[in-house]
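# Architecture and fold: a report
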Amino acid sequence: MLGATLLSMPFASAKHEATSFLTALFTATSAVCVTGLVVVDTGTYWSTAGQIIILALIQIGGLGFMTMATFMFLLLGKKIGLKTRLLMQASLNQNHLQGIVNLGKYVLIFTFVTEAFFATALAWRFSLDMPLPRALWFGLFHSISAFNNAGFDLFGQFRSLTGYVQDVTVNLCITTLIILGGIGFSVIVDLVNWRQHKKLTTHTKLVLVVTAGLIVCGTLLFYLFENDNTIKNYTWTGKLLASYFQSVTPRTAGYNTVDISALHSYTQMMIIILMFIGASPGSTGGGIKTTTFAVLGSSILSLARGSIDVTIFRRMVPREQVAKSLAILLLAIALVLGVSTALLYTEHQDNFLLTLFETVSAFGTVGLTMGLTPHLSDAGRLIIILTMFLGRVGTMTAVLAFAERSKVTLPIKHPPGNILIG
């Protein structure tokens with residue numbers, strides 16, 4: 001609401017005119033939820049002041065409110081109490097309270113150092129195409145936006161990074177930022193401490209394996225699907241770069257180097273699946289998360305083998321985590337189908353794939369679009385705003401928040417009932 005209020009003021013727009021509150025609210029929500037869906041072009045509609053507001057919202061939304069609060073506490077030299085530590089533990093998705101403040105410090109240091117390094121690299125590349133001051137601003141903006149998996153760009157005309165589809169520097173910088181921001185801060189800390197402990201946690205191993213698997217499979221499938229379409233006129237290195245980029249960016253980033261609306265329908269469906277899975281827990285991304293996807297896949301394999309115990313890397317997954325993963329999946333499917341159906345009605349659309357793509361993009365806080373978002377009605381904008389919000393905070397979190405008020409402790413346990421399944 002604060003971001004929307006600021007963006008609605010005349011100084012925030014390039015024409016110095018007041019922006020409708022709904023447009024400002026949509027942009028602010030997309031920035032805080034690090035989604036990247038926009039109804040007005042970021043590079044041409046907003047003034048420098050407006051772009052700075054958007055960038056601040058992206059940074060706060062990507063790192064999380066408690067991490068930014070920790071940063072303020074450290075700057076002011078204030079002591080971090082137990083309540084704040086507990087909130088940090090929940091915000092960073094950690095199982096233990098011990099060392100949570102140090103983890104917060106690591107997150108902040110790693111974030112700022114990484115963003116500064118890649119901002120410099122991108123500024124150098126952009127300086128070849130534009131004046132240095134503008135290149136420095138573009139480098140900083142896109143570095144922060146990419147690391148936080150936001151997908152906002154300043155190139156104008158909703159082009160995203162299509163002008164750099166075969167540029168090695170831009171492609172590798174942006175994809176590296178997306179991956180680092182999407183694997184989760186606890187994984188990064190675990191990798192940094194690997195030299196000392198010589199071992200990785202089960203969570204870290206799972207995140208790395210699933211992330212690598214999705215990127216490789218996505219790259220190969222995109223290359224196969226689009227070799228005769230959107231990438232047919234590129235060199236083989238250009239085709240590989242474009243395929244790799246479009247495999248990484250659906251994991252909640254939102255940048256694109258090829259026209260998404262021009263892709264084959266089966267390629268768009270593949271991207272929808274990648275967007276739905278999303279990033280990893282404790283990261284700047286959304287979706288149902290890579291670990292949820294892996295746990296559900298492992299549970300199916302366990303059932304096929306005749307076992308009710310789910311094991312990953314020779315470690316048994318607690319049954320409550322399996323149940324939670326299933327609940328997250330079902331809630332996500334219900335939300336996506338409900339919102340897609342609502343958009344078909346409000347936008348008078350007959351193309352289900354179009355509305356499904358926009359819905360999953362909002363739910364997964366991705367930001368990729370097939371062109372529907374800029375033309376949404378007021379009702380459609382409100383629906384997407386709510387979807388982005390639920391996608392960022394998590395459907396399970398939202399359900400638990402409402403359930404806490406009506407939680408009733410049952411005095412008895414009911415006898416088991418036999419239900420036929422399948």
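The shown structure was predicted, so the numbers you read here are calculated from the model rather than taken from an experiment. (Residues numbered from 1 in each chain as written. Predicted model: local features only at pLDDT ≥ 70, side-chain atom pairs only at ≥ 80, totals over all residues. Heavy atoms only, no water.)

### Here we look at the overall build of the chain
Across its full length, the chain carries 19 helices and two strands. Per-residue burial for the chain yields a buried fraction of 51% across its 422 residues. Pairs at least 24 residues apart make up 68% of the contacts formed inside the chain by residues separated by at least 6 positions. When the accessible surface of the chain is summed, it comes to about 20,800 Å², and 66% of that surface belongs to carbon and sulfur atoms. (Helix = DSSP H or I, 4+ residues; strand = E, 2+ residues; numbered from the N terminus. Buried < 20%, exposed > 50% of the residue type's maximum accessible area, 1.4 Å probe, protein only. Contact = heavy atoms within 4.5 Å. Areas by Shrake-Rupley, 256 points an atom, 1.4 Å probe, with all protein chains shown as cover.)

### Digging into the packing of helix H10 (residues 185–192) against helix H12 (residues 202–226)
When two helices pack together, their arrangement is given by the angle between the helix axes and the distance between those axes. The N-to-C vectors of H10 and H12 enclose an angle of 105°; their axes lie 10 Å apart at closest approach. Taken together, the axis directions place H10 and H12 in an arrangement best described as roughly perpendicular. Contact residues: Ser 186, Val 187, Asp 190 and Leu 191 in H10; His 203, Thr 204, Val 207 and Leu 208 in H12. Here the contact of H10 with H12 is composed, by residue class, of four nonpolar, three polar and one charged. (Axes fitted to C-alpha atoms, helices over the stretch in contact; angles between N-to-C directions. Parallel < 35°, antiparallel > 145°, perpendicular 65-115°, else oblique. Nonpolar A, V, L, I, M, F, W, Y, C, P; charged D, E, K, R; others polar.)

### Some points on helix H13 (residues 236–248)
If you check H13, its first and last C-alpha atoms are 18 Å apart, about what 13 residues at 1.5 Å a residue would give, namely 18 Å. Regarding H13, the residues found buried are Gly 238, Lys 239, Leu 241, Ala 242, Ser 243, Phe 245, Gln 246, Ser 247 and Val 248. The inward-facing, buried residues of H13 abut helix H9 (168–182), H12 and helix H14 (265–277). (Expected span 1.5 Å × (residues − 1).)

### Here's the deal with the packing of aromatic side chains
Counted according to the given criterion, the structure contains eleven aromatic pairs. Ring centres of Phe 155 and Tyr 164 lie 5.6 Å apart, and the angle between their planes is 55°; on these two criteria the pair is classed as tilted. With respect to class, Phe 155 is no different from Tyr 164; both count as buried. The interplanar angle of 75° and the centroid separation of 5.2 Å between the aromatic rings of Phe 225 and Tyr 266 together place this pair among those described as edge-to-face. Linking Phe 225 in helix H12 with Tyr 266 in helix H14, this pair joins segments that are 41 residues apart in sequence. According to the relative accessible area criterion, Tyr 266 is partly exposed, its value standing at 43%. Here the aromatic residues Phe 126, Phe 138, Phe 155 and Tyr 164 are joined through ring pairs into a cluster of three or more. (Phe/Tyr/Trp six-rings, centres within 6.5 Å; stacked < 30°, edge-to-face > 60°.)

### A closer look at the pattern of salt bridges
Scanning the model with the defined rule gives three salt bridges in all. The salt bridge partner of Asp 309 is Arg 319, with a shortest N-O separation of 3.4 Å. On the criterion of sequence distance, the pair formed by Asp 309 in the loop between helix H15 (290–304) and strand E1 (310–312) and Arg 319 in helix H16 (residues 319–346) is long-range, its members being ten residues apart. The exposure class assigned to Arg 319 is exposed, which follows from its relative accessible area of 54%. Residues participating in the shared-partner salt-bridge network are Arg 125, Asp 129 and Asp 167. (Salt bridge = Lys/Arg side-chain N within 4 Å of Asp/Glu carboxyl O.)

### Here we look at unusual backbone geometry
With a phi close to 55°, His 16 is a non-glycine residue in the positive phi region. Structurally, His 16 is set in the loop between helix H1 (2–7) and helix H2 (21–32). Positive phi outside glycine occurs at Lys 289, with the angle close to 90°. As for its placement among the helices and strands, Lys 289 is situated in the loop between H14 and H15.

### Focus: the environment of Ile 215
Position of Ile 215 among the secondary structure elements: in helix H12. Residue classification places Ile 215 among the buried positions, given a relative accessible area of 12%. In this structure the C-alpha to C-alpha distance between Ile 215 and Thr 249, which are 34 residues apart in sequence, comes to 9.5 Å. The residues touching Ile 215, leaving out its near neighbours within four places in the chain, are Ile 179, Tyr 244, Ser 247, Val 248 and Arg 251.

### Here's the deal with a nonpolar patch on the surface
A surface patch of nonpolar side chains, amounting to about 430 Å² of accessible area, comprises Leu 326, Leu 330, Ile 333, Leu 337 and Phe 352. The element best represented in the nonpolar patch is H16, accounting for four residues. We classify Leu 337 as partly exposed; its relative accessible area is 44%. (Patch = residues over 30% accessible without salt bridge, like charges linked within 9 Å, V, L, I, M, F, W, Y side chains within 5 Å.)

### Topic: the environment of Pro 10
By the element assignment, Pro 10 lies in the loop between H1 and H2. Ignoring any residue separated from it by four or fewer positions in sequence, one finds Pro 10 in contact with His 16, Glu 17 and Ala 18.

### Notes on H12
Residues spaced three or four apart along an α-helix face the same direction, because each turn holds 3.6 residues. Compared with the 36 Å implied by 1.5 Å per residue over 25 residues, the 36 Å span of H12 between its first and last C-alpha is a close match. Within the sequence span of H12, burial applies to Thr 204, Leu 206, Val 207, Val 210, Thr 211, Leu 214, Ile 215, Gly 218, Thr 219, Phe 222 and Glu 226. On its buried side, H12 packs onto H9, H10, H13, H14, H15 and E1.

### A closer look at the confidence of the model for the chain
Of all residues in the chain, 89% have pLDDT values of 70 or greater, and the mean over the chain is 88. Model confidence for the chain, summarised as mean pLDDT per element, is weakest for helix H5 (residues 65–76) at 64 and strongest for H1 at 96. (pLDDT = per-residue confidence, 0-100.)

### A few points about the side chain of Thr 373
Positionally, Thr 373 belongs in the loop between helix H17 (352–363) and helix H18 (378–393). A relative accessible area of 2% means that Thr 373 is categorised as buried. Only 2.5 Å separates the side chain of Thr 373 from the side chain of Glu 358, close enough to count as a polar contact. Look past the residues within four positions of Thr 373 in its chain and what remains in contact with it is Phe 26, Leu 37, Val 38, Val 39 and Glu 358. (Polar contact = N/O pair within 3.5 Å; in protein donor to acceptor, adjacent residues only side chain to side chain.)

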